[in-house]
Structures are given as C-alpha cells and as structure tokens.
Amino acid sequence: MLVLVAPGQGAQTPGFLTPWLELPGAADRLAGWSDAIGLDLAHYGTKADAEEIRDTAVAQPLLVAAGLLSAAALDASPGVVAGHSVGEITAAALAGVIDNEAALRFVRTRGLGMAEAAAVTETGMAALLGGDPEVTVPHLEKLGLTPANVNGGGQIVAAGTAAQIAALTEDKPEGVRRVVPLKVAGAFHTRHMAPAVEKLRSAAATLKVADPRVTYVSNGDGTTVADGAEVITRLVGQVANPVRWDLCMETFEKLGVTALVELAPGGTLVGLAKRALPGVKTLALKTPDDLDAARALISEHAGA
C-alpha cells in the first residue's frame, strides 16, 4: 500500500519550483492558480530569495502548489494520503475533498491569517533533536512553550514567544542533543494562531466539499477521517493545535503501508519515516528527475 505525503512550512528553498515548471502544462496550471489567489507563484518559486519565501503568506500557497504540481506529474493512485501542517490542505485536494483551486484559495486565506496573527507578538519555533517525549514535553510546558509538532523519530518542535525560545536554547530538556531554530515566522499550531482560526472558519463555509476518495489520515491525532465536512473542520482548527505526525506514522503502520512518497519539496517527512518506519520504502520528490524512481516504487506498492 502506498501513502502520498505532503510537507509543511520550512521545506521551501529558493528556486525549488524551477525544474517543475519545465514539465508540460505546469507553468499554465501555476499561472491559473496565481491569478485565482492574487499571488505570483512562479516568481516566488523560481526567483525569490530565502527571506521572501519565508513569509508565511507566500510560503504556504507555494508549498501547496508545489505538492499539487508534483502529484499531477506523478499521476499516482495512492491508498492513503496525509500532510504535515499546511501539507494537509494538499492532502485534502489529493483525496478529492476540495478541488485544486479551492485548496489554493483556502491556503491563501490561511497564510494571510497566520501571518497577521504572527505579527501581534514576536514568536517562533525550534526543533529539538533527541530526548524522551515524556521528559521533553513537561520541560517545554514549564518554560511556557507548546509542543507544536510531535514528529516522531526523536523530534519535537517547540513553539512560543521569542523570549521563550531563547530560554529553551539555554535550558534544554534532559537528553536533547540540539535545539535548532526553524525558518518560520511565527508560533504555528499554538494559541498565538487563534485569530487565524476565525478567518479560516469563514472561508470554509464557502467551500464545496466531498468525502475523501481514498484513506485520509488527519495530522491532529493520526485518525482516518471519512467525512469531508470533518476534514474541513480539522483543517480550520489545526492552525492553533499541535500536529501529531508521530501518530500519523503509527496509523500508516497499522494500515499496512509499504511505501511512502513525499511530494515536492520532499525530504523532511521521508527523513522521519526512515527512523520511525524502518520497513517502509521511501522516496522524496525533490525534482522531476525523481519521478521515474517514484513510479517504479509505486508500481510495486500501489496495489491496495
């Protein structure tokens, strides 16, 4: 069984869309999405620098567009889909819950709302490498931080104010080897994002929604969701609640997933899967050069 997964914010790098736009129809598709949301996705995906694409309002639609472009090029039929943070919108589109243009409109609202919420207080996120979650989580809470992403494979991402992140670097939980500040512009998946929830709730009310056509795994708690309206409700609430990617990977294992392909710009989720799902074949779609290897992998594992 194959699972297609879509990465979250921080996976983007300058120029990463350039090779994807050389594929037939990709540039036209991206131009249509750009017109629909009032954002020049081609410019930001090919010419913008790291600081420009760090902007939440830019990064989020860029990542969803990249995931959808690479999925179209792959033309696979997965048994399971899931996404990390904003990647869950990509997964919803792949599952047929919303169409591609609706996904881009929705993520544009999400990015703008979260950027606005992040501007209220100086906040950020940092990855903790190593350590035991039973020790790390209470330590974070003692510092006033939220375990915003529990990623499995020995990684937790903490989120909070800039002062709280600074305190964490000076006072690491026992067993944590490194604290790595992330290139994001706010404390995502925490109470600091509550204002964005209301904007998304309004946007969600306009969506045409269908039930998932394939197994959809929610990153809120790792459960499968078969009702389209419930998928959208979870997409709205997840901006202010933690991502439990560790539980998603546990569900992949229970479902009998044998191969995992990460959509562009791939790499992060494959790295986590290699540590947490050692028996599962993995591949990251970083450029179109990876498509043939991905198709070969899929031909072996997409039967269920």
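Everything here concerns the structure above.
Residues numbered from 1 in each chain as written. Predicted model: local features only at pLDDT ≥ 70, side-chain atom pairs only at ≥ 80, totals over all residues. Heavy atoms only, no water.

J.: I keep staring at the sheet that holds strand β5 (residues 155-161) and nothing clicks. Help me out?
T.: Hydrogen bonds along the backbone pair up the strands of a sheet, which may run parallel or antiparallel. Strand order in the open sheet formed by 4 strands is β4-β5-β3-β6, with antiparallel pairing between adjacent strands. If you trace the sheet from one side to the other, it starts and ends with β4 (146-152) and β6 (176-181), each paired once. Strand after strand, the sheet turns through a mean of 25° between neighbouring axes, direction not considered. For strand β3 (residues 123-130) and β6, the ladder comprises 5 bridges, and the chain directions are antiparallel. (Pairing = 2+ DSSP bridges. Helix = DSSP H or I, 4+ residues; strand = E, 2+ residues; numbered from the N terminus. Axes fitted to C-alpha atoms, helices over the stretch in contact; angles between N-to-C directions.)

J.: Is there a simple way to think about helix α8 (residues 162-170) in this case?
T.: Residues spaced three or four apart along an α-helix face the same direction, because each turn holds 3.6 residues. Every buried residue of α8 is accounted for by Q164, I165 and L168. Mapping the buried residues of α8 onto a view down its axis gives an arc of 100°, with all of them on the same face. Across α8 from its buried face, at more than 90 degrees, point the exposed residues A163 and E170. Where α8 is buried, its residues meet β3, α7 (133-142), β5 and β6. (Buried < 20%, exposed > 50% of the residue type's maximum accessible area, 1.4 Å probe, protein only. Arc of directions from axis to C-beta. Contact = heavy atoms within 4.5 Å.)

J.: Mind showing me how you'd approach the packing of helix α4 (residues 56-74) against helix α13 (residues 291-301) here?
T.: How two helices pack is summed up by the angle between their axes together with the distance between the axes. Two elements in contact, α4 and α13, have axes separated by 10 Å at closest approach and are oriented at 65°. As for the relative orientation of α4 and α13, their crossing is right-handed in sense. Residues S70, A73 and L74 of α4 form the contact with α13, whose participating residues are L291, A294, R295 and I298. (Left-handed = near helix turned anticlockwise from the far one by under 90°.)

J.: Looking at this model, I keep getting lost on the pairing of strand β8 (residues 259-262). Mind explaining?
T.: On a regular strand, each side chain points to the face opposite its neighbour's, so the side chains alternate between the two faces of the sheet. Burial along β8 is two-sided: A259 and V261 facing one way and L260 and E262 facing the other are all buried. The sheet contact formed by strand β1 (residues 2-6) and β8 spans 4 bridges and is parallel. When the bridges of β8 are listed, V5 appears paired with E262. For β8 and strand β9 (residues 281-284), the ladder comprises 4 bridges, and the chain directions are parallel. For L260, the partnering residue across the bridge sits in β9 and is T282. Handedness of the crossover is the feature at issue here: the chain leaves β8, passes through helix α12 (residues 268-276), returns alongside β9, and the resulting connection is right-handed. (Right-handed = clockwise from strand over helix to strand, strands pointing away.)

J.: Would you explain the sheet that holds strand β7 (residues 215-216) in this entry?
T.: Read from one edge of the open sheet, 5 strands run β7-β2-β1-β8-β9, paired in parallel fashion. Each end of this open sheet is capped by a strand with a single partner; those strands are β7 and β9. Here strand β2 (residues 80-83) runs beside β7; their pairing, made up of 2 bridges, is parallel. Bridge assignment links V80 to a residue of β7, and that residue is T215. Helix α5 (residues 87-94) contacts β1, β2 and β7 of the sheet and is inclined by roughly 155° relative to β2.

J.: When you look at helix α1 (residues 26-37) in this model, what are you seeing that I'm missing?
T.: Counted at 1.5 Å a residue, the expected span for α1 with its 12 residues is 16 Å, and the 17 Å between its end C-alpha atoms agrees. Taken residue by residue, α1 has A26, L30, W33, S34, A36 and I37 as its buried positions. Down the axis, α1 shows its buried residues gathered within 160° of arc, on one side only. Every exposed residue of α1 that faces more than 90 degrees away from the buried side is listed here: D28 and D35. In the stretch just after α1, G38 is the one whose phi turns positive, near 70°. (Expected span 1.5 Å × (residues − 1).)

J.: How should I be thinking about the pairing of β5 in this particular structure?
T.: Across the 7 residues of β5, 7 count as buried, placing the element largely inside the fold. Bridge analysis of β3 against β5 gives 7 bridges, and the strand direction is antiparallel. Looking across to β5, one finds that L128 is bridged to I156. Direction of pairing for β4 relative to β5: antiparallel, over a ladder of 5 bridges. The residue bridging N149 from the neighbouring strand is V157, located in β5. Between the end of β4 and the start of β5, which pair antiparallel, lie 2 residues, with G153 showing a positive phi angle near 60°.

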